[in-house]
Each structure stands twice: as structure tokens, then as C-alpha cells.
Amino acid sequence: MVKEKRHEELSKLRDEIRNVTLDIIDKVHKRMELSERIGTIKGNLNIEIEDEKVEQEVRGSVTELSHKLGIDPAFSGRLLNIMLMESIRLQQIQQKKPESTPSEYTHLSVFSKAKELESSGKKIIHLEVGEPDYPPPRMIKKALIESYNKKLYHYTDSRGLPKLRQAIAKKVGNGITHDEVIVTSGGRFAIFSAILSILKPGEEVISIDPAWPAYREFVDFAGGKIKTLETTLEEKWTPDIRQLEAMISEHTKVIILNYPNNPTGKVLDEKYITKIISLAKDNGLYMISDEVYSDYAFKRFTSLTHYKYDKSIVVSSFSKSCAMTGFRVGYGIAKKEIIDKMARVQAIALTSVAEPMQHAALSAIDYNPAGNVKLIKERLDLISEKLCNMSFDFITPEGAMYVYPRLRGLIQNDVILVEKLLNLGVAVAPGSGFGENYKQFMRISACQPKKLLERGLEVIKSIMLKH
Ligand code: PLP
């Protein structure tokens, strides 16, 4: 009898919960309709879709109500973020703006366009790509042959070959053990798997613009919300720490750093890094430090591994230092618990990095990139000198492989400039590919021989001086 009653009650409660869920969906639908109406008005008035102040007001009310009702404000905040992101998406569709990508033009889309033009017979100077033009270390050829001969071409532990992880741990130093290393498919997958491991939908990630566009794509893909702290050429691309502090909310989960920086060439001074880590510590935030250009630092650069922050994930790669982009070997350094989560993502997506490629990377572990670094530095100096003679405004790169000057003359739109230059046989990356408010910039890569760099810069000069 008691059992029957319980079953009856359960079934009643299930009906009720279903109805409440349907009510919620109905309310969400109403919210979307309102959002679309707001979008139409914003479009007519030419007002920006995102309004931080209005968002903060709604967030405040939701937090207050959550406290009153006894709901976890972090949970209701995540729900709110999901609804806010959907509103933005709907309004972008309505105003026919591209979703989430800040610009339809990035260094990659210019590269595809340039390749298309090349296939139709046009000669192109590639100043848009971030891929070394010099060969990888010789020893990897032997390692690849050996790996074939010794039948070392199987699945491996998702975290990578223990030998390679040990070698990376030793190279990184700072007391890192192989448990704190994961070998990933490029630095790219280390960052992606880190974000998928630690971010819940609706949570926020702070990245510093201008930035490699993949960070935004990773966060969007994970259902998170990217918040960008904009830096300026006037401030030498140094982030404003107070502004950063003001951006941190109870929904913030991660801060992403990338020094030496793509695209600006900035290497942030230690005192700022220390302040950012202290903010992360005070707020319990993870830090992802993308250090794929760390070998190309022309002033003192201290890896985040040195700071021993237990919520940091440091990412590096064989791609740039060893010119091994196509081998797809990178790595992440973090506490074992984080590494295990990242390994799960890698196991689901890829099983492991291809074993022969891991042997190739192992053979290159002690490779000295000094020659490559010197070559890139010389080319960056050449580009800087030429740009300076043309009165461009930029910071002389302190690291990485790029110069990021502000446009001058009459062409003040990067996409127009990119189109014109492509027609003249020169490909550069548009500034807005690294953040929507950088339309007045372009990125010039030093991954070409000096002769081609000089020729490309002459074409840039001819366009700039004409106007
Ligand atoms: N991070 C930055 C800033 C980059 O510019 C790149 C590639 O261009 C990567 C990460 C990824 O490098 P990979 O996946 O080849 O290691």
C-alpha cells in the first residue's frame, strides 16, 4: 500500500517537473522574442549588440534573486550567460553580422585566398603565414626511419610516450615531473583540451586582445563566454591590470596569456605577470599560458611554470622552435589532476598523438633553435627598419615572428588593404582577424627569406605612398 502511494507520488512529481520544464522553455521563447525586438531597434539606431552595463544589471538582479531563493548563484549565472549568448547570436543573425568570428578575414582565410590565386598562376609573397620556412632538425629523419624499422607505430598512452614526457619534464625544469606533462596534437590541442576540461557552459574566459583567433573559437565551442581585455599600441600592448580586475566576475574561470605574443610581438614584463597571477590566485582562476613562441623571445621571458601556480596550464610546441608544424606535436604542463582531464579529451578525440611523430619530437628535444631564432630576429629587424622608414607606427617585436603596424595613409581598413595587396601579389594578415577593434592594423610575418620580405614591403610602400 505504502509502495503504491510512493509510486503515485513519484509519477505526480514527474508530471509536475515536466510541466515546469515546459514553462521554462516557454519563458525562454518569450525571452528570445523580446531579444529579437530589441535587436531590431538596436539595428535601426545603429547601437552595438553587446552592452556590458545592461548585462551587469541583469546579472545583479539574477544574483540577488538566487540568494533570496537559495539557488547557487554560480548555477543561475551560467544559465543567464547561456541565454545572453543566445540573444547575441539571434541579434547577430538579424543584423546579418557574422556569428562570433570578429572578422570574416583572418590570416588563415587570406592564406586560402592566396593559395587559390596561386593555383590560377599568380605569384604571391606570403607575409600572412605563421609557419617557419626553414626545415626541421635533421635528426628527426633518422628517428622516423627508426620508428618504422622498429615497428614503433602504434597507439600510445593518451598522455604521450612516458620517455617523451620525462624528456619534456626535464627540459622544462622547475621541478616538473612527467605526471604533469601531456603530449598533444600541437599546442593547439593542448589549449583546446584544457578549455574543454575546465570550462562549463556559460562560464567566462578572459583573453587579451589582439589575440590568436583560436582562443575565441575554443571558448565558443565549449559553450563558454569570451571576454576580451583590449590593449593598445599607445600603451605598448600592456594590459591594464585594473581593467582586468574589474572584468573578473563570479563566473570567470580562466585567464589566457600569450607571450611572446602573436600578433604584436610583445613580451610582458615579469611585474605584470606577477600581478596577473596574484589576481588569478585571489579569485581562484585557472591560467592558460600559451608559450609556443617562448624560444623566440628577444628579451627576458619567464615561463609561467616558474611561478608554480597550481591552477596554471602552460602550453608549448615543437611547431615553431623546431619548424615542425606538420608533425603536430605540442604539450601541456599542469597539475596531474588537470593533465588527467586533458588526457581524457585527447583519448576521446584522437586516442593519442601518432607514435612516430612522438619519436621524432623526442629526437629533437635537445635541438638548439638559436640559429632559427637569430634568423627570425634579423628578418624582424629588417621589416622594422623598412616600416620605420615608411613612418609606420608599431612596437619593435620583443619576441615571436611578427610585426603588427598600424595602417597609415588613406587606406584605414585592413580588409580593403588586404584585397588590394593580394591583387598586387602580397598576402598579409588583416589586423581585425586578431580582434574586431583592430581594423587599422595588419600583421606581417617574418617567415619568408629577406629578399621576398623586401619585395613585399616595397609593394606595401607603393600602396601606402600612393595615398
Ligand atoms: N598559439 C599561438 C599563439 C599560435 O600562433 C599558434 C600557431 O600559429 C599555436 C598556438 C598553435 O601551434 P601548434 O598547434 O602548431 O603547436
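A. Focus on the site of the ligand. Around the ligand sit 13 residues, and of these Gly186, Gly187, Arg188, Ser317 and Ser319 come closest. Examining the composition of the shell around the ligand, we find that three residues originate from one element, helix α7 (residues 186–198), more than from any other.

B. Inspection of the domain arrangement of the protein chain at higher detail. Each assigned domain of the protein chain is listed here: domain 1 (12–94), domain 2 (107–134 + 369–466) and domain 3 (154–363). Using C-alpha coordinates to define each centre, domain 2 is positioned 26 Å away from domain 3. The interface of domain 2 with domain 3 comprises 27 residues on the first partner and 29 residues on the second. Where the side of domain 2 that touches domain 3 is concerned, the elements lending two or more residues are α13 (370–389) and β9 (402–403). Ranked by residue count, the leading element in the side of domain 2 that touches domain 3 is α13, at four residues.

C. Up close: unusual backbone geometry. The omega torsion across Asp209 and Pro210 is 0 degrees, close enough to zero to call that bond cis. On the secondary structure map, Pro210 appears in the loop between β3 (204–209) and α8 (214–221). That bond from Tyr259 to Pro260 is cis: its omega, -10 degrees, falls within 30 degrees of zero. Not every positive phi belongs to a glycine, and Thr351 is a case in point at roughly 70 degrees.

D. Region of the structure containing the packing of helix α2 (residues 52–69) against helix α3 (residues 73–94). The N-to-C vectors of α2 and α3 enclose an angle of 145 degrees; their axes lie 9 Å apart at closest approach. For the crossing formed where α2 meets α3, the hand is right-handed. Residues Glu55, Val58, Arg59, Val62, Thr63, Ser66 and His67 of α2 lie in contact with α3, whose contacting residues are Pro73, Ser76, Gly77, Leu80 and Leu84. Its residues assigned to classes, the contact of α2 with α3 comprises five nonpolar, five polar and two charged.

E. Quick look at the pairing of strand β4 (residues 225–230). In the sheet, β3 pairs with β4 via six bridges, with the strands oriented parallel. By the bridge assignment, Glu204 is partnered in β4 with Lys225. Crossover β3 to β4 through α8 is right-handed.

F. Representation of the nonpolar core. The biggest cluster of nonpolar side chains holds 105 residues, and the ones touching the most others in it are Ile195, Val254, Ile255, Met287, Ile288, Ala361 and Val428. A per-element tally of this core places α7 first, with eight residues. For this core, the domains that each give at least three residues are domain 2 (107–134 + 369–466) and domain 3 (154–363). In this view, Ala361 contacts Leu164, Phe318, Phe327 and Val329; residues no more than four positions away in its chain are not counted.

G. Structural detail: the packing of α7 against α8. Relative to each other, α7 and α8 sit at 35 degrees, their axes nearing to 9 Å. The chirality of how α7 crosses α8 is right-handed. In contact with Arg188, Ile191, Phe192 and Ile195 of α7, α8 contributes Ala214, Phe218 and Val219. Its residues assigned to classes, the contact of α7 with α8 comprises six nonpolar, no polar and one charged.

H. A look at the sheet that holds strand β7 (residues 312–317). Spatially, β2-β8-β7-β6-β5-β3-β4 is the arrangement adopted by the seven strands of the open sheet, whose pairing is mixed. Each end of this open sheet is capped by a strand with a single partner; those strands are β2 (181–184) and β4. When the angles between neighbouring strand axes are averaged without regard to direction, this sheet yields 20 degrees. With four bridges joining them, strand β6 (residues 286–290) and β7 adopt parallel strand pairing. What sits directly across from Ile288, in β7, is Ile313.

I. α7, seen in detail. Taking 1.5 Å of rise per residue, the 13 residues of α7 would be expected to cover 18 Å, and the 19 Å separating its terminal C-alpha atoms lies within 8% of that figure. With twelve of 13 residues buried, α7 lies mostly within the body of the structure. Within α7 the residues assigned to the buried category are Gly186, Gly187, Phe189, Ala190, Ile191, Phe192, Ser193, Ala194, Ile195, Leu196, Ser197 and Ile198.

J. Geometry of the sheet that holds β9. Pairing is antiparallel across the open sheet formed by three strands, whose spatial order is β9-β12-β11. The sheet is open, and its two edges are formed by β9 and β11 (429–430), each paired on a single side. Judged from the two bridges that link them, β9 and strand β12 (residues 442–445) form a sheet pairing that is antiparallel. By the bridge assignment for β12, Val403 is matched with Ile444.

K. Seen up close, helix α11 (residues 336–350). For α11, with 15 residues, the first-to-last C-alpha span of 20 Å sits near the 21 Å given by 1.5 Å per residue. Those residues of α11 that sit buried are Ile338, Ile339, Met342, Ala343 and Gln346. Axial view of α11: buried residues confined to an arc of 140 degrees, hence all on one face. Looking at α11, the residues exposed on the side facing more than 90 degrees away from the buried face are Glu337 and Ile348. If you follow the buried residues of α11, they end up packed against β2, α7, β7 and β8 (330–333). Count one or two residues on from α11 and you reach Thr351, which has phi positive near 70 degrees.

The rules behind these values
Residues numbered from 1 in each chain as written. Predicted model: local features only at pLDDT ≥ 70, side-chain atom pairs only at ≥ 80, totals over all residues. Near = placed C-beta within 6 Å. Helix = DSSP H or I, 4+ residues; strand = E, 2+ residues; numbered from the N terminus. Domains from an automatic or database assignment. Contact = placed C-beta atoms within 7 Å. Axes fitted to C-alpha atoms, helices over the stretch in contact; angles between N-to-C directions. Left-handed = near helix turned anticlockwise from the far one by under 90°. Nonpolar A, V, L, I, M, F, W, Y, C, P; charged D, E, K, R; others polar. Pairing = 2+ DSSP bridges. Right-handed = clockwise from strand over helix to strand, strands pointing away. Core = buried A, V, L, I, M, F, W, Y, C linked by C-beta atoms within 7 Å. Buried ≥ 20, exposed ≤ 12 C-beta atoms within 10 Å, placed from the backbone. Expected span 1.5 Å × (residues − 1). Arc of directions from axis to C-beta.

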